[in-house]
Amino acid sequence: MKQNLYFWSLSLMMGIISLTASGKQSPTTAPPTTVTGLRCEYAVNPIGMDIADPQLSWRLESSARDVRQTAYQIVVTRAAEDGSTEEVWNTGKVTSPLATAIPYAGAALESRGHYDWRVKVWTNDGAESAWSESAFFEMALMKESDWLHEWIAYAPGNPGRIIYFKGTFCPPQAVSRARLYLSGIGYNEMTINGRKVGDHVLDPVQSNYSKRIYYSTYDVTEYLGKENVLLVAVAPGWYGMPRLRMQMEVTCTDGSKHILTAGHLRAVATGPTMYSTIFDGEIYDARLESEALHQPYVPSGLMDRVWGLAHNADSPGGHMVSQKCEPIKVVDSLIPQKITEPQAGVYVFDTEQNLAGWAQIQVQGKRGDTLRLRFAETLYANGLVNQENLRNAKAMDTYICKGEGVECWEPRFTYHGFRYVQVEGLRQKPQVGMLRVKWVRNAVEPTGTFTCSNELLNRIHHMIVSTEASNLHGVPTDCPQRDERMGWLNDLTVRIEQALYNFDFSRFYAKFLDDVSDTQDPDGTITCVAPYRFGARPADPVSASYLLLAWKSYEFYGNRSILRDHYAGMRAWVDFLASRTENGIVNYSYYGDWSPPTAFAMSPESAVSKDTPGKLMSTGYLYYCASMIAQMAAVLGNSSDSQTYRQLADRTAEAFNREWWNEEQGGYATNNQAANAFALFLGVVSEDRIPRVVKNLAEDVKRHDNHLTTGNLCTKYLLEMLTRYGEKETAYRLATQTTYPSGGYMLENGATTLWERWEYATGDAMNSHNHPMMGSVDSWFYKYLLGIMPDVEQPAFAHFTLQPYVVEDLTFARGTYQTVKGVIRSDWSKTNGQLTWQVSIPANTTATLYVPTRNSASLRESGRSARKAPGLTFLREEGEWTLFEAG
Ligand code: BGC
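Overview of the structure. (Residues numbered from 1 in each chain as written. Predicted model: local features only at pLDDT ≥ 70, side-chain atom pairs only at ≥ 80, totals over all residues. Heavy atoms only, no water.)

Some remarks on the overall build of the chain
Scanning the chain from N- to C-terminus turns up 13 helices and 50 strands. Radius of gyration (C-alpha) of the chain: 29 Å, near the 29 Å computed for a compact globule of 887 residues. By principal-axis analysis of the C-alpha atoms, the chain measures approximately 90 × 70 × 55 Å. Long-range contacts, defined as pairs at least 24 residues apart, comprise 74% of the intrachain contacts of the chain with a sequence gap of at least 6. On the chain, roughly 32,100 Å² of surface is accessible, and the fraction owed to carbon and sulfur atoms is 49%. Here the chain carries 83 positive and 97 negative side-chain charges, and the mean point of each set is 2 Å from the other. (Helix = DSSP H or I, 4+ residues; strand = E, 2+ residues; numbered from the N terminus. Rg over C-alpha atoms; globule rule 2.2 N^0.38 Å. Contact = heavy atoms within 4.5 Å. Areas by Shrake-Rupley, 256 points an atom, 1.4 Å probe, with all protein chains shown as cover. Lys, Arg positive; Asp, Glu negative; His and termini not counted. Charge placed at Lys NZ, Arg CZ, Asp CG, Glu CD.)

So, in structure tokens, the structure goes:
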């Protein structure tokens, strides 16, 4: 495989630094640069595009150092029906280093159009690359008028029932191309001749159906034969009453075209999946399985009792949007090895991992035998499942056997958050393998790795990644198990970064941002949860995730369209917050720094911090959001807004200091960890005050015997600010704490995913055991222990910083992050008093390296002075660091 990486190895010994050789020497003739990894709207060869100016990206690969793109050329062609091609966009040679998110600007893209594209680049050594391999994107249905038939439904009044829709299609000739545009809400699954179309589950992703409704596009060419039975099962999902809209467009080898719409379908309310809701689970009666379901419908008059007419139905209101984020899929499976029998005939399978998904069973029973599967995160002392914390979610699947040999079943329209599965109704003792557990989530790709010499931190990392992976179900959910599972914006404010390092959210966050903007009222207010099903309007001002979704998508993925498209809405939200100020202080708050250890909450039942004023959090976030709008406006070339919001931010910082700076104590508000860490993070503390604030912060941690007192938000800022301001060992002690409250304490008490509270709690109160909001230590691993930090001034990792904080206890830390430009790697290790640091810097990026020493003169690389190393430019010494620029 080609190396596009730069590879430095730095050794530090007894204060004398030598950089030792590894990686490639600078070659005499430059090796060729390859253009690869072509993506359209961050997807590889998407066929469901409906954006008029989709953004195109690519990567460079080279084994040489310091390779940078100086120019590019993109050519896009359209394949015409007669096999000819037409050039629709040729940029010519464009002098630009940009390789990420370049908006298409050729001839107007057309619905159903298939477009091929390729790129070549010029690099700083003067070379011209070869053309990349060709990639493509295909447009879906871009206009409402492309949909030839309305929504259909079945007579209402069957809550929880699955509706089956069926139609037959017989093409006159062999099929050369067939596309299916399918939207059945809440969830749908389609088979053609009994074969499931695609591998999505729980499709489409949820939305505010009165604003936008997602459809999926499938290439079904290979599915179609002479006579085809299309069967679509539609379940309530998040919508409630099943509704279907679909269109299958077929071209035959003779060039004839045929369209099958929902208007050709019949509907029936009875099939084997009897009932399904997200919170309560699914009921499946295998006795109702019938081959006839997959056979052509035989008309038997208007009042056919089985296959009734599918009625045209009102539109749910939203416009049709192609689903561009990764669909929900079964991403993994595992077989629980531990089975107990806490009560005669009741078996409990222990997955040994809390997760989101479902269980597939294999049973042999008599006709009519009824199996019940109850899902839970914890057990009672007697070994039975404890479902109290699921509140009103029944989380139970029921399977009724048909009694024909071994039967294998899994639900399709519900999911559960669980570690334990209690199975009731079996005739014999189950064997290991009777039950297979499936992980189900939006299939975003993993992007990060982290390991270090402290096993506890590795386990914490694993716990956090598992929690994030349990909470991606169309929206970033707060939890996967109880009667909630909502996209809470306050949690996401800190969760975004820990999530971004671990998974590719270039498409998923763009989708969720649309959900947030769909909640917005004309006066700018958004809601605490998106889509709006819970919480308040206006949202708590801590919902900075509205802006962060866009800003981080720009910083990590270079997505500029997202800033452009959401700018007005985000600004309106900030204006609304500003309108709620009195003397610069935001006058409301509900959660603030939510869910601190109970001793620091208003009461044992409350999750509101008692020592961190809610209005301090609200006002701090107004400052943060106003600053972000100022930066976004600058990126978009709106200098007047940029100035206006910078002034708003400055005024808010002044008010914040006026209201909460306590000169006597040298800290903010009650001088607690949250208030001081947050003020430092925001950057509103004047230079002369910083040392006192940092001292107070560190002393408070020590006073609590190296424990935090913070909630979901300020835990992030606490670790980061301690590290940034010279207290990395204190931060490390917090991160490695094993007594209450801490991540280590959760692990000691059997957690495999993060809890919602710092306390171990069961019962029907608020105590999810799979809640990502407390997981910000994970971004600290990437940003501080590995030192990988993006640079928003040069987004999409065109430039970034590598600044590892080498803590005393660790002997090594190593990890990678897959950026849109390639893989960044940062590995450091200590052996025999010597520290070695190896880094990889992708082609077409530059990095500022912070070498953790002040002794730059003796710093060596590849056996020679670092200052003379190819591709490495000495910048300066700064504090405890020596800075180099590397490309
Ligand atoms: C959610 C939390 C959220 C909180 C805000 C809870 O029900 O699970 O994640 O932060 O509500 O009130």
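Still to come is the rest of the account.
Topic: unusual backbone geometry
Most peptide bonds adopt trans geometry, and most residues besides glycine take a negative phi value. Cis geometry marks the peptide bond from Ala 530 to Pro 531; its omega dihedral reads -15°. Structurally, the position occupied by Pro 531 is in the loop between helix H3 (508–518) and helix H4 (545–557). Each neighbour pair has its own omega, and for Arg 537 with Pro 538 the value is -5°, a cis peptide bond. In this model, Asp 66 sits at a positive phi of 55°, which is unusual for a non-glycine residue. Residue placement: Asp 66 occurs in the loop between strand S4 (55–61) and strand S5 (69–79). Since its relative accessible area comes to 27%, Asp 66 is described here as partly exposed. Its identity is not glycine, yet Arg 391 carries a phi of approximately 55°, on the positive side. Note on Arg 391: relative accessible area 31%, which makes it partly exposed. (Buried < 20%, exposed > 50% of the residue type's maximum accessible area, 1.4 Å probe, protein only.)

What about H4?
Counting buried residues in H4 gives 13 out of 13 residues, a clear majority hidden from the surface. In the stretch just after H4, Gly 558 is the one whose phi turns positive, near 65°.

A word on the sheet that holds strand S50 (residues 881–886)
On the basis of which strands lie adjacent, the open sheet formed by five strands has the order S41-S42-S46-S50-S49 and mixed pairing. The sheet is open, and its two borders are formed by strand S41 (788–790) and strand S49 (872–878), each paired with just one other strand. Across the sheet, the axes of successive neighbouring strands diverge by a mean angle of 20°, strand direction being ignored. Sheet topology note: the S41/strand S42 (residues 799–802) ladder contains three bridges and is antiparallel. The partner of Ile 788 across the bridge, within S42, is Leu 802. (Pairing = 2+ DSSP bridges. Axes fitted to C-alpha atoms, helices over the stretch in contact; angles between N-to-C directions.)

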